[in-house]
Amino acid sequence: MDTPPLGCFNRGSGDLEILKTSQIRKVECVSVSRFYEKYKDALQLELVSSPTGLARKIFEPAINRPGLAIAGFYMYFAHKRVQVFGASEVAYLFRLPSSMRKTRVARMYQYEIPCIVFSRNQEPPEEITELADQAGICVFRTHLSTIKFVNAATIILENEFAESTTVHGCMLDLRGTGILICGKSGVGKSEAALGLIERGGALVADDVVQIRNIGGELITNAPQESQGFIEVRGLGIVNVTSLFGLKALRRNKRLDLVVMLKQPSDMAEVERLGLERKKLSLMGELIYYVELPVAPGRDTARLIEVAAIDQMLKGHGYNMASEFSKQLLERISRGHMEERN
């Protein structure tokens, strides 16, 4: 038997063969050139040294402030991260004699750091840029405060380093719940999605859904070329913003619930009460999951909407099925008590 592809959904010991994912893409490093060229506007970065260090690599999705390093303590020095000099680091550097400052900086450069960023538009000491040019390390400057740069750059790097994969389905944002509709080709995923968009939902992706694991949350989006478009059998390609306005489109959304549409003949059994919340494992994260049978006359979009509302209520601690079961047991208990009396 073939080994299921990395990233596929699993429930218990069996695989859901309808859902097929591509291989999980893992990012080992990000080049300084990509970090600079793609995010220089967002991070207000200005290159103040030679560009020879743009080929260097960032190996960790975090930021380091090298205060201890320039003080001469290099144990646990996080040299694989972007190094940020804030006001305190710069003030300390300028208090050092020029020869000592040069020695400390040269020692830090021996650790093959990716690049250096000076926050608050501070002017780097000459020793920093001169030795950086010799070592092939880029020095940048940003107008952002240290904390704002650290926060923004950390989020950017977490996105860049996030594991990713793709699945076939239709992703929607409905009442704040991120729903991935899956099923065999022709089962009615896109038709159900259109019905949900008419009810106020928003399309995230159709057909190809990209998923990234960012800090334990699965964030979905569409390939750039297909954003806002949905394919409906018999109609062709539909632009949801042209039909329903900009409110019908979301650039990205967290995945909260997987809805599997199935023909009744493909279902061994149908959940009647919903007492047990089923979960799937995707990229190491557990996602809630429901199966819905589709058939002529059934309002699939309405059923998915109810599933989304049920998911939202359960997230707030209210379980409709459990409430029904509790009330039923109480009535049975009272009936037994009345019989005894």
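The structure under discussion appears in the preceding block.
Throughout what follows, the structure given in this document is the object of discussion. Since the model is a prediction, treat every value here as computed from it, not as a measurement.

**Some words on the pattern of salt bridges**
So, point 1. Taken as a whole, this structure holds 16 salt bridges when the rule is applied.
So, point 2. Ionic pairing is found between Glu305 and Arg175, a salt bridge with its closest N-O pair at 2.9 Å. Taken together, the residues Glu305 in helix H9 (residues 300-315) and Arg175 in the loop between strand E10 (163-174) and strand E11 (177-183) connect sequence positions 130 residues apart.
So, point 3. Among the residues examined, Arg175 registers a relative accessible area of 51% and is labelled exposed.
So, point 4. Each of the salt bridges in this network shares a partner with another, and the network as a whole consists of Arg175, Arg199, Asp299, Arg302 and Glu305.

**Re unusual backbone geometry**
So, point 1. Its identity is not glycine, yet Arg120 carries a phi of approximately 55°, on the positive side.
So, point 2. Along the chain, Arg120 turns up in the loop between strand E8 (115-118) and helix H5 (126-135).
So, point 3. Phi at Asp207 is positive, roughly 75°, even though this residue is not glycine.
So, point 4. Residue placement: Asp207 occurs in strand E12 (residues 202-214).
So, point 5. Asp207 sits in the partly exposed class, given a relative accessible area of 35%.

**So, the packing of helix H1 (residues 32-43) against helix H6 (residues 146-161)**
So, point 1. Relative orientation of the contacting elements H1 and H6 amounts to 140°, with a least axis distance of 11 Å. Taken together, the axis directions place H1 and H6 in an arrangement best described as oblique. Seen from above, H1 lies across H6 with right-handed handedness. Contacts between H1 and H6 involve Arg34, Phe35, Lys38, Tyr39 and Leu43 from the former and Phe149, Ala152, Ala153, Ile156, Leu157 and Glu160 from the latter.

**A word on the side chain of Ser190**
So, point 1. Along the chain, Ser190 turns up in helix H7 (residues 189-198).
So, point 2. At 3.4 Å, the side chain of Ser190 forms a polar contact with the side chain of Asp206.
So, point 3. Once residues lying within four places of it in the same chain are set aside, the contact partners of Ser190 are Asp206, Ile230, Glu231 and Val232.

Cut-offs applied
- Residues numbered from 1 in each chain as written.
- Predicted model: local features only at pLDDT ≥ 70, side-chain atom pairs only at ≥ 80, totals over all residues.
- Heavy atoms only, no water.
- Salt bridge = Lys/Arg side-chain N within 4 Å of Asp/Glu carboxyl O.
- Helix = DSSP H or I, 4+ residues; strand = E, 2+ residues; numbered from the N terminus.
- Buried < 20%, exposed > 50% of the residue type's maximum accessible area, 1.4 Å probe, protein only.
- Axes fitted to C-alpha atoms, helices over the stretch in contact; angles between N-to-C directions.
- Parallel < 35°, antiparallel > 145°, perpendicular 65-115°, else oblique.
- Left-handed = near helix turned anticlockwise from the far one by under 90°.
- Contact = heavy atoms within 4.5 Å.
- Polar contact = N/O pair within 3.5 Å; in protein donor to acceptor, adjacent residues only side chain to side chain.

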